Amino acid sequence: MRSVLIENPGEVRVDTVDDPVLPGPDGAIVQVEQTAICGSDLHFYEGDYPLIAPISLGHEAFGTVVEVGSQVREHAVGDRVVVSSVAGCGACDGCSTLDPVTCVQGPVIFGCGVLGGAQSELLAVPAADFQLLSMPDDLGAEAALLLTDNLVTGWAGARRADIPAGGSAVVMGLGAVGLCAVRSALALGAETVYAVDPVAGRRATAAASGAVGLDPSELGVLTEQTGGRGPHAVIDAVGSDTTMSSALSLVRAGGTVSVVGVHDLNPFPFPATMALIRSVTLRSTTAPIQQAWPELLPLVRSGELSTDGIFTHRMPLEHAAAAYARVAERSADCVKVILEV
Ligand SMILES: NC(=O)c1ccc[n+]([C@@H]2O[C@H](COP(=O)([O-])OP(=O)(O)OC[C@H]3O[C@@H](n4cnc5c(N)ncnc54)[C@H](O)[C@@H]3O)[C@@H](O)[C@H]2O)c1
Ligand SMILES: [Zn+2]
Ligand SMILES: [Zn+2]
């Protein structure tokens, strides 16, 4: 089959690799229809994580089941399915919460070297009943892809920010995750959402959803705009030293910083005394994909949570190298790309 591979930072290629085999009797093979590039894939592309051997990239996909193991109950060959980007064993106490993050075997993300990459023609899915969502006929491609990861991530970031009804929240970073966090914070009852990104076009996209755009150099105005106290919550959809440090100092005393952006592998200089004196709550999480589906699917299908305008490009899988280069520019016009398989 064809698959997107990375061997060195900045070098993505499409190559032929062995077809995946059924990962046990509870597993399935999904023929990928469409897949997408995520900011998390860029951590490999930009050299944030070491690459010991070539890995097959990608963790966002929907497609059709082409093979199932004997223990799969909920899905059959021919079903159209959305695949969770995060996998759990599906059988342990942790997975009984539906949150793969709490799997006792540890959550595993597709396309990071252990499981196959979703930017491939075929994807082997272990514990298929746990990892797969039957795709309703009225669910569009963009919504399906966002439900594999970025919408759940933005939603979890906003939920865990504990924004009081009528309160204020800041979202740092307006890639697909940050844009989803902006929409989620507003849907969860935030009165004012400040959307921060150095790219003006991305701020404009957030403003079209009802947020107030701010360049990172303008963060100083937030104290005054929140009556001298600072915002109730800051959602960090970047996860850098810069954004986490500003989030911790910007948030009001007693407020919450909710991190979903992924930091590099270096330690973060946490301002422990300042956070303690100001009673700041710091939360961070990998997206609880399967747990959020029952809540998010109705909101997405009814249009209460819009998934429009986040994908900006569609390209064939064969053009993955060009697509990665475009996404890594983090420009105003190219935010998120679908790869058609
Ligand atoms: N927690 C999870 O489960 C989960 C899931 C998906 C993605 N992620 C992570 O979320 C992050 C964002 O992903 P994405 O796909 O939206 O990526 P992205 O790279 O498209 O978006 C990052 C955005 O942050 C902006 N930015 C950079 N520096 C900034 C600063 N100092 N202040 C404000 N904005 C700044 C960039 O201009 C860009 O628009 C990545 O780190 C990704 O790995 C986490
Ligand atoms: Zn992702
Ligand atoms: Zn488990």
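All of these numbers come straight from a predicted model, not from anything done at the bench.

What about the nonpolar core?
Okay, step 1: Among the nonpolar cores identified, the biggest contains 51 residues, and Leu139, Ile235 and Leu296 are the most heavily contacted of them.
Okay, step 2: Contributing elements (two or more residues each) for this core: helix H3 (141-147), helix H4 (150-159), strand S11 (168-172), helix H5 (176-187), strand S12 (192-196), strand S14 (233-236) and helix H10 (289-301).
Okay, step 3: Viewed by domain, this core spans two of them, domain 1 (2-149 + 288-340) and domain 2 (153-284), each represented by three or more residues.
Okay, step 4: Counting residues in hydrophobic clusters, the runner-up holds 21 residues, among them Val12, Tyr49, Leu317 and Leu339.

What to know about the packing of H4 against H10
Okay, step 1: Packing of H4 against H10 leaves a shortest axis separation of 10 Å and a crossing angle of 95°. One finds that H4 runs roughly perpendicular with respect to H10. Here H4 contributes Leu151, Val152, Trp155 and Arg159 to the contact with H10, which in turn contributes Ile289, Ala292, Glu295, Leu296, Leu299 and Val300.
Okay, step 2: For the contact of H4 with H10, the per-class residue count stands at eight nonpolar, no polar and two charged.

A closer look at the environment of glycine 230
Okay, step 1: With respect to the helices and strands, glycine 230 occurs in the loop between helix H7 (221-225) and S14.
Okay, step 2: Sequence spacing of glycine 230 and valine 251 is 21 residues, and the spatial spacing of their C-alpha atoms is 5.3 Å.
Okay, step 3: In this view, glycine 230 contacts Thr223, Leu250 and Arg252; residues no more than four positions away in its chain are not counted.

Quick look at the coordination of the zinc ion (ligand 3)
Okay, step 1: Around the zinc ion (ligand 3), the protein contributes the donor atoms Cys89 (SG), Cys92 (SG), Cys95 (SG) and Cys103 (SG), which lie 2.3 to 2.4 Å from the metal centre.
Okay, step 2: Because the angles between the four donor atoms bound to the zinc ion (ligand 3) fall within 103 to 118°, the donor set is best described as tetrahedral.
Okay, step 3: By relative accessible area, cysteine 95 is classed as buried at 3%.

Brief notes about the coordination of the zinc ion (ligand 2)
Okay, step 1: Only Cys38 (SG), His59 (NE2) and Asp149 (OD) from the protein reach the zinc ion (ligand 2) as donors, at distances of 1.8 to 2.2 Å.
Okay, step 2: Coordination of the zinc ion (ligand 2) draws on donor residues from a single chain, spaced C-x20-H-x89-D in sequence. Of this pair, cysteine 38 sits in the loop between strand S3 (28-36) and helix H1 (39-45) while aspartate 149 sits in the loop between H3 and H4; the two residues are 111 residues apart in sequence, bridging distant segments of the chain. As far as the burial class goes, cysteine 38 and aspartate 149 line up, both buried.

What about the sheet that holds S12?
Okay, step 1: Taken in spatial order, the six strands of this open sheet run S13-S12-S11-S14-S15-S16, and their pairing is parallel. The sheet is open, and its two borders are formed by strand S13 (212-214) and strand S16 (281-284), each paired with just one other strand. On average, adjacent strands in this sheet sit at an angle of 20° to one another, irrespective of strand direction.
Okay, step 2: Relative to strand S15 (residues 256-259), S14 runs parallel, the two sharing four bridges. Directly across from valine 234, in S15, lies its bridge partner valine 257.

Description of the pattern of salt bridges
Okay, step 1: Going through the model one piece at a time under the given rule, you end up with 13 salt bridges.
Okay, step 2: Measuring nitrogen to oxygen at the nearest pair gives 2.9 Å for the salt bridge that ties aspartate 15 to arginine 13.
Okay, step 3: Judged by relative accessible area, aspartate 15 falls into the partly exposed class, the value being 26%.
Okay, step 4: With a closest N to O distance of 3.0 Å, arginine 301 and aspartate 138 form a salt bridge. Of the two residues, arginine 301 sits in helix H10 while aspartate 138 sits in the loop between strand S10 (132-134) and H3, which places them 163 residues apart along the sequence.
Okay, step 5: On the accessibility criterion, arginine 301 (45% relative accessible area) is partly exposed.
Okay, step 6: Each of Glu7, Arg13 and Asp15 takes part in salt bridges that share partners, so that together they form one network.

Definitions and limits used
- The written sequence of each chain sets the order in which its residues are numbered from 1.
- Each chain gets a letter, beginning with A, and each ligand a number, beginning with 1, in the order they are written.
- Selection of residues for local features in this predicted model requires a pLDDT of at least 70, selection of side-chain atom pairs for listing and counting requires 80 or more, and totals for whole chains, interfaces and linings are taken over all residues.
- Side-chain figures throughout are based on the complete set of non-hydrogen atoms in the structure, without hydrogens or water.
- Put simply, buried Ala, Val, Leu, Ile, Met, Phe, Trp, Tyr and Cys residues joined by side-chain atoms within 4.5 Å make one nonpolar core.
- Per-residue accessibility, obtained with a 1.4 Å probe over protein chains only, is compared with the maximum for each type, and a residue is labelled buried under 20%, exposed over 50%, and partly exposed between these values.
- Each helix is a run of H or I in the DSSP string that is no shorter than four residues. Each strand is a run of E no shorter than two, and both are numbered from the N terminus.
- Residue ranges for the domains trace back to a domain assignment, done automatically or taken from a database.
- Axes, fitted as lines to C-alpha atoms, cover a helix only where it is in contact. Angles between the N-to-C directions of the axes lie from 0 to 180 degrees.
- For classification purposes, angles smaller than 35 degrees are called roughly parallel, those larger than 145 roughly antiparallel, those between 65 and 115 roughly perpendicular, and all remaining angles oblique.
- The criterion used for residue contact is that any of the two residues' heavy atoms lie within 4.5 Å.
- In this count, Pro and Cys sit with the nonpolar residues alongside Ala, Val, Leu, Ile, Met, Phe, Trp and Tyr, while Asp, Glu, Lys and Arg are called charged and the others, Gly among them, polar.
- Listed donors are limited to N, O and S atoms within 2.8 Å of the metal, widened to 3.2 Å for Na, K and Ca; water is not among them, so incomplete-looking sites are possible.
- Geometry is assigned from the angles between donors: four donors with all angles from 85 to 135 degrees make a tetrahedral site, four or six donors whose opposite pairs exceed 155 degrees while the rest stay between 65 and 115 make square planar or octahedral sites respectively, and everything else is labelled irregular.
- A pair of strands counts as paired when DSSP detects no fewer than two bridges linking them.
- Each reported salt bridge corresponds to a side-chain nitrogen of Lys or Arg within 4 Å of a carboxyl oxygen of Asp or Glu.

Honestly, that's just the spatial picture; any functional story needs more than this.
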